[in-house]
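Each chain, written out:
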Amino acid sequence: MSAVQPVDWLAIAPPLVLALTAIIVLVADAFAGRTAVQLPSVLSLAGLLLAAWPAAALTGDTRSVFCLPQQRGAPPACSYTVETLTIGGWLVVLVGTTVVVLLSARAAMDSRVPLAEHHFLLLSSASGAMTLVAARDLVTLLVALEVVSLPAFALAGLKRGDRRSAEAALKFFLVSVVATAFTLLGVSFVYGATGSMHFSRIDAALQAGVDATPVASAGAVLTLVGLAFKVAAVPFHAWVPDVYVGSPVPVAAYLSVVSKAAGLVGLLLVLDRAFAAFSAAWQPLLAVVAAATMTTGNVLALRQQHAVRLLAWSSVAQAGFMLCPLAVLADVGDRAVLASMSYLLIYSVVNLGAFAVVAAMSRHRPAGRIEDYAGLVRREPWAGAGLAFALLCLAGLPPGVVGLFAKVVVFWVVVDGGLGWLAVVMAVNVAVGLAYYLRWIVVVVGPVRADDSAPAVPPALRAAIGATVTASVALSFAPGVVLQVLS
Amino acid sequence: MSWLLDVLVAVPAVGALLLAVWPRERAERQAPVVGVTVTALAFLLSLAVVPSVVGTAGMQLQTNVPWIPILDIRWHLGVDGISLPLVVLTALLTLLCMVSLLRGNAPAGGSVRGLVAVVLLLETGVLGTFLALDLVLFFVFFELVLVPMWFVVADWGDPHDVPGRRRAATVFLLMTVIGSAVMLAGFLLVYAHTGTFDMVALAQGRGSGMPAATQLVAALAIGLGFAVKSPLWPLHIWLPDAHAKAPTLGSVLLAGLLLKMGTYGFVRVWLPIVPEGARQVAPYLAVLAAVGIVYGSLACLAQTDLKRLVAYSSVGHMGFVLLGVATLRPVGVNGALVANIAHGLITGLLFFLVGALKDRHDTSDLVGLGRGLYGRSPRLGGVLALAAMASLGLPGLAGFWGEMLTLLGAFDPANGLSRPVFLVCMGLGGLGAVLTAVYFVRVLRLVAQGGPDAPVPARAGSWRPVSFDATAQELGVWSPLVALTVMVGLSPGLVLDVVDPAVRVLLGGSA
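Definitions and cut-offs
- Residues numbered from 1 in each chain as written.
- Chains lettered and ligands numbered in written order.
- Predicted model: local features only at pLDDT ≥ 70, side-chain atom pairs only at ≥ 80, totals over all residues.
- Heavy atoms only, no water.
- Helix = DSSP H or I, 4+ residues; strand = E, 2+ residues; numbered from the N terminus.
- Rg over C-alpha atoms; globule rule 2.2 N^0.38 Å.
- Buried < 20%, exposed > 50% of the residue type's maximum accessible area, 1.4 Å probe, protein only.
- Contact = heavy atoms within 4.5 Å.
- Areas by Shrake-Rupley, 256 points an atom, 1.4 Å probe, with all protein chains shown as cover.
- Disulfide = S-S within 2.5 Å.
- Core = buried A, V, L, I, M, F, W, Y, C linked by side-chain atoms within 4.5 Å.
- Buried area = accessible area lost by both parts, 1.4 Å probe.
- Salt bridge = Lys/Arg side-chain N within 4 Å of Asp/Glu carboxyl O.
- Polar contact = N/O pair within 3.5 Å; in protein donor to acceptor, adjacent residues only side chain to side chain.
- Nonpolar A, V, L, I, M, F, W, Y, C, P; charged D, E, K, R; others polar.
- Axes fitted to C-alpha atoms, helices over the stretch in contact; angles between N-to-C directions.
- Parallel < 35°, antiparallel > 145°, perpendicular 65-115°, else oblique.
- Expected span 1.5 Å × (residues − 1).
- Bend = angle between axes of the 7 residues up to and from the residue.
- Phe/Tyr/Trp six-rings, centres within 6.5 Å; stacked < 30°, edge-to-face > 60°.
- Lys NZ or Arg CZ within 6 Å of the ring centre and 35° of its normal.
- Pairing = 2+ DSSP bridges.
- Patch = residues over 30% accessible without salt bridge, like charges linked within 9 Å, V, L, I, M, F, W, Y side chains within 5 Å.

Enquirer: Before we move on, could you go through the overall build of chain A and cite the residues and values that matter?
Expert: In terms of helices and strands, chain A carries 20 helices and two strands. Against the compact-globule benchmark of 23 Å for 487 residues, chain A has a radius of gyration of 22 Å, which places it among compact chains. By principal-axis analysis of the C-alpha atoms, chain A measures approximately 75 × 60 × 40 Å. Of all 487 residues assigned to chain A, the portion counted as buried reaches 61%. Taking contacts inside chain A between residues at least 6 apart in sequence as the whole, the part at least 24 apart equals 79%. Surface exposure of chain A reaches about 16900 Å², of which carbon and sulfur atoms provide 68%.

In structure tokens form, the structure reads like this:
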């Protein structure tokens, strides 16, 4: 057979379009005049829209690209596959990045951030995330993971002349590199034990039984480290608050949604497709990690007075909920994947809503304390009501039905998987989370501070707030849509 | 007519939305009027439901359409004899609360518009809970009341103790949320074994498909959620503070409606859906309920604050209701449901009265209120005496029948339950009833009796029109409750005849 494979361009179009758009943004800015401040935003939005088109066209299809030659007795091995799970991941990445681009409009952004570079890095990282959710071998996964991470370090440190921003970037970089090193080590162990990089072949080898089981299982666990770092699961969560606070707000939103989504889908893929044979080993481990993650995040969020820091810890806690279905993945099967993905999608929408309001307020009140939101509902009714609703959804209480629904779905698979103790931990955590979300909501709907003026919300932010809040309200009436989209 | 229940549930929520977008300048003034209009409409709708239910045993006026098809969750509403009295009570009490807000009589705190809006949202939640026939839908409505109630207590509660009312509201919320999240796990466990959330189908199935061990776990998990809400001793610890710190209308709604959601859940979900588990848990429930009866009464004897006293009396009364449920017999369950309604009427009235006293004297301290209420304001004193008598279970008033039937049920519990245990519980219940009489008589002696020469405490606060005796508005709010208390007392069949057929269907004629 020929050494050159035909490439299914449609299947690889979504990440490719984003990568090309990233370059175009950078080049166009170099030629455009200083007045064209909207150019990066407009080009990025156009690119995202263009990437969504092939993604939509692929919905319902299963297509694989970059496959190994068929071997007798071995399962087909491809490096890149578009399927339902991929489309779900793409949806989160595209929606997330679009909102982040809106949050990064000139009028909304810290003026010390160079916009073209910011958008270039953002789209590069997003193209990595797009690739990651389609990756079906460890090398592609790892490279994609690094494509997500490397621009993200720069994004975090892009605020010129801000020491905190630089510190955040450095911290983020160092911890991330260590995590990646672990993953690399794991990958090499797995390769050594199974002789393959493709998920399907690793799975087949492990199911059949390998000689060096300890090496393979150690490799499997180590491989998870880098992904757990992206998800911000305990014990790889410590970087989150400082990095979120040091970065520009849109970057924090990006890290909490798109980057986390990439990590979560990566975990789902690796566990479900490659390491299913070791489920007896990693399922209890993930149950403990999930419980520890949500508890740590919630408890540490309780005392936070800083809006972004609170959202940072809350995002750690929410990651814990997303991980719960993974603890019963092998027992419950596809429904666990669906539960995790629905939680991710719903969390992404409502969390972006909260971040959009925080971005609007960060121009008005740079200190970003919770008390600065006093009476926001009266000063700026839509932003205030939107934030209150988003927080209710994050807490998972009606009228934020969509958030409740996300929790119900996760409870469901956990109960189905027979992990009663995890369900109880989740129940307690729902209550703890409620305590701090409610504290913020009270401030938002409470009395106005006398010396305060209404924040000026730029149109791009209005669009971001409006879109996310409308989506969360609509999904509260018909939460089933989330599942229909993802399955 | 199957749209009737959908409209009933939607009306208050639409009213709340309407208020949210009402022009700001006018909203503050007009909010109570809007509230009264909306709740009156809901009340009329609830009355319109009555004819279709009376004389029937099964579910009426059902709506059943898919809501989240992929998960088999349905928008399934329906009403029967068990839910109907509670639905009417809900609509009535909310209407009365709204009327009490008219003429600028809103509690100090946030905006009146906000208060009316959250109460309307709360009404939707309560009505939905009583009407939902899908476990997940039930759960959603069950949770919907929490945030509004939190705001009612935290923002419009006791003006003298801002951190205290916040804390009380938060303790209420967190305890309930933990309980109901565990309850959700129980629901999902039921689904895992039966493959349906349909409460009608599950009740007909009588727990088939679930092994005994599963039923036990499910009964414990589900029972926990309802036990916190009801509340069952020792999970009542959120209740005294929440009631005491809430504004008058908050206490009325908490005692009159929210507690009922717990007991209703026991009857609607716990009894028929996990019967085997319920059978195993019932003796423990009965003992805790009986302890609650005595504990509540003893705590009342020790109270120096009238509002806290009424709150603790709820623990005792709800103990009777739970004891009745635990007998697993139609007599006991009927008694529980009648006691449930009676408690809603009487304690709602008592909280209105305490609120009226508190408005006048700016305190609800038993001694600080001063003596001689009969002399100072005969109408207020008279209604208070009537409510106290009703609450202590005087025959001829609503409080009597429920508790009598409950104790009767405990005398002869369902087969398979330990009779001696229930006899002890009955004895404890009787003791509690006596103690209840003691503390209410003490209240009347301390507050109502005494000569006209008794010192009159200085009036505090000047935002009320000067009038010591009950105003026409107050009498208008109280009189429906007084009338119903007397009517149900004289003719318990009013409630019993509606409730009984449905209870027999629910218990599957196991009597």
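Enquirer: Lay out the overall build of chain B in plain terms, naming residues and giving numbers.
Expert: Within chain B one finds 20 helices and two strands. Against the globule reference of 24 Å for 511 residues, chain B gives a C-alpha radius of gyration of 22 Å, in line with a compact fold. Counting only C-alpha atoms, chain B reaches 70 × 55 × 40 Å along its principal axes. Split into buried and exposed, the 511 residues of chain B put 63% on the buried side. Here the analysis covers contacts within chain B between residues at least 6 apart in sequence; of these, 80% occur between residues at least 24 apart. Here chain B displays about 16100 Å² of accessible surface, and carbon together with sulfur accounts for 68% of that area.

Enquirer: Please set out the state of the cysteines residue by residue, giving values where relevant.
Expert: Residue and element names in this part refer to chain A. Under the counting rule described, the total for this entry stands at one disulfide over all chains. At a sulfur-sulfur separation of 2.0 Å, the disulfide partner of Cys67 is Cys78. Negative torsions about the S-S bond denote left-handed disulfides, and the value of about 95 degrees found for Cys67 with Cys78 makes this one right-handed. One end of the pair, Cys67, is in strand β1 (residues 63-67); the other, Cys78, is in strand β2 (residues 78-82), and eleven residues separate them in sequence.

Enquirer: How would you summarise the nonpolar core if you had to cite specific residues and measurements?
Expert: Grouped together as the largest cluster of nonpolar side chains are 389 residues, with contacts concentrated most on Trp90, Phe411 and Trp440 of chain A together with Phe138, Leu258, Trp270 and Trp478 of chain B. Residues in contact with Trp478 of chain B, not counting those within four places in the same chain, are Leu349, Phe352, Leu353, Ala356, Leu380, Val383 and Ala470 of chain B.

Enquirer: Give me the interface of chain B and chain A: which residues, what numbers.
Expert: Reports often express the size of an interface as the amount of accessible area lost when the parts come together. Facing 30 residues of chain B, the contacting portion of chain A comprises 33 residues. Carbon and sulfur atoms make up 86% of the area that chain B and chain A hide from each other, which totals about 2700 Å². Counting across the interface, chain B meets chain A through zero salt bridges. At the boundary of chain B and chain A, one finds one residue pair in polar contact (both at pLDDT 80 or more). The set of elements that each furnish at least two residues to the side of chain B that touches chain A consists of β1 (60-68), α5 (135-144), α6 (146-156) and α7 (162-194) of chain B. With 13 residues, α7 of chain B is the single largest residue contributor to the side of chain B that touches chain A. Class assignment of the residues belonging to the side of chain B that touches chain A gives a composition of 27 nonpolar, no polar and three charged.

Enquirer: Break down the environment of Ser188 of chain A for me, citing the residues and quoting the values.
Expert: Tracing the chain through its elements places Ser188 of chain A in helix α6 (residues 163-194). In this structure Ser188 of chain A comes out as partly exposed when scored by relative accessible area, which is 38%.

Enquirer: Outline the pattern of salt bridges, listing residues and values.
Expert: All names here are of chain A. Under the defined criterion, the tally for this structure stands at 18 salt bridges over all chains. Asp8 serves as the salt-bridge partner of Arg63, at 3.0 Å between the closest nitrogen and oxygen. Of the two residues, Arg63 is situated in strand β1 and Asp8 in the segment before α1 (9-31); the sequence distance between them amounts to 55 residues. By relative accessible area, which is 25% here, Arg63 ends up partly exposed. With its nearest N and O atoms 3.2 Å apart, the salt bridge here joins Arg369 to Asp372. Residue class for Arg369 comes out partly exposed when judged on its relative accessible area of 35%. Shared partners join several salt bridges into a network, and the residues in it are Glu83, Arg136, Asp272 and Arg273.

Enquirer: I'd like to hear about the side chain of Asn351 of chain A, residue by residue, with values.
Expert: Residue and element names in this part refer to chain A. On the secondary structure map, Asn351 appears in helix α14 (residues 334-364). There is a polar contact of 2.9 Å between the side chain of Asn351 and the side chain of Ser256. In contact with Asn351, other than residues within four places in its own chain, are Ser256, Val257, Leu311 and Leu394.

Enquirer: Mind laying out unusual backbone geometry, listing which residues take part and the relevant values?
Expert: Cis geometry is adopted by the peptide bond preceding Pro399 of chain A, which originates at Pro398 of chain A and carries an omega value of 5 degrees. Within the secondary structure layout, Pro399 of chain A lies in the loop between α16 (381-395) and α17 (401-416). Omega for the peptide link from Ser230 of chain B to Pro231 of chain B comes to -10 degrees, which places this bond in the cis form. Residues other than glycine seldom take positive phi values, yet Phe66 of chain A does so here, at roughly 55 degrees. Its location among the elements puts Phe66 of chain A in strand β1.

Enquirer: Quick rundown of the packing of helix α7 (residues 199-208) of chain A against helix α10 (residues 249-274) of chain A? Include the residues and the values.
Expert: Residue and element names in this part refer to chain A. In the contact formed by α7 and α10, the axes pass within 8 Å of each other and the chain directions differ by 40 degrees. Between α7 and α10, the interaxial angle falls into the category oblique. Mapping the contact onto sequence places Phe199, Ile202, Asp203 and Leu206 in α7 and Leu269, Val270, Arg273 and Ala274 in α10. Considering only residue class, the contact of α7 with α10 consists of six nonpolar, no polar and two charged.

Enquirer: Account for helix α8 (residues 213-231) of chain A, with residues named and values stated.
Expert: All names here are of chain A. The end-to-end C-alpha distance of α8 is 27 Å, a good match for the 27 Å that 19 residues give at a rise of 1.5 Å each. Of all the bends in α8, the largest measures some 30 degrees and sits at Val225. The positive-phi residue at the C-terminal boundary of α8 is Ala232, with phi of around 70 degrees.

Enquirer: Could you give me a rundown of α7 of chain B, with the residues and numbers involved?
Expert: All names here are of chain B. Between its terminal C-alpha atoms α7 stretches 47 Å, which fits the 48 Å expected from 33 residues at 1.5 Å a residue. The N-terminus of α7 is capped by Asp161, whose side-chain oxygen sits 2.9 Å from the backbone nitrogen of Gly164. Once α7 finishes, Gly195 follows within two positions and takes phi at roughly 75 degrees, a positive value.

Enquirer: Explain the packing of aromatic side chains to me, using residue names and the numbers behind them.
Expert: Across all of its chains, the model carries 27 aromatic pairs over all chains by this definition. Measuring from ring centre to ring centre gives 6.2 Å for Phe172 of chain A and Phe229 of chain A, while their planes differ by 25 degrees; the resulting arrangement is stacked. Of this pair, Phe172 of chain A sits in helix α6 while Phe229 of chain A sits in helix α8, and the two are 57 residues apart along the sequence. Exposure class is identical for Phe172 of chain A and Phe229 of chain A. Each is buried. Each ring, one from Phe266 of chain B and one from Trp270 of chain B, has its centre 5.1 Å from the other, and the planes form 80 degrees; the classification is edge-to-face. One end of the pair, Phe266 of chain B, and the other, Trp270 of chain B, are both in helix α11 (residues 248-273), four residues apart, so they sit about a helical turn from each other. By the burial criterion, Phe266 of chain B is buried, and Trp270 of chain B matches it. Sitting over the ring of Phe142 of chain B, Lys229 of chain B keeps its end group 4.6 Å from the ring centre. Above the plane of the ring of Phe411 of chain B lies Arg419 of chain B, whose end atom (NZ or CZ) is 4.7 Å from the centre.

Enquirer: Please give an account of the side chain of Arg268 of chain B that cites residues and values.
Expert: Residues and elements named next belong to chain B. By the secondary structure assignment, Arg268 is in helix α11. For Arg268, a relative accessible area of 3% corresponds to the buried category. Engagement of the side chain of Arg268 in a polar contact is seen with the side chain of Asp80, the distance being 2.6 Å. Filtering out sequence-adjacent residues up to four positions away, Arg268 remains in contact with Met59, Asp80, Ile82, Ser83, Met199, Ile273 and Leu506.

Enquirer: How would you explain the pairing of β1 of chain B if you had to name every residue and give the values?
Expert: When β1 of chain B meets strand β2 (residues 73-79) of chain B, the two strands line up antiparallel, connected through six bridges. Directly across from Pro66 of chain B, in β2 of chain B, lies its bridge partner Arg74 of chain B.

Enquirer: So what's going on with a nonpolar patch on the surface? Residues and values would help.
Expert: Nonpolar side chains collect at one region of the surface, where Trp9, Leu16, Leu20, Ile23, Ile24, Leu26, Val27 and Phe31 of chain A lie side by side and expose about 830 Å² of accessible area between them. By secondary structure assignment, the location of Leu20 of chain A is in helix α1.

Enquirer: So what's going on with the environment of Ala48 of chain B? Which residues, and what values?
Expert: All names here are of chain B. With respect to the element layout, Ala48 can be found in helix α2 (residues 24-53). A residue is classified by how much of its surface remains accessible, and Ala48, at 32% relative accessible area, is partly exposed. Linking Ala48 and Leu239, residues 191 residues apart in sequence, is a C-alpha distance of 34 Å.

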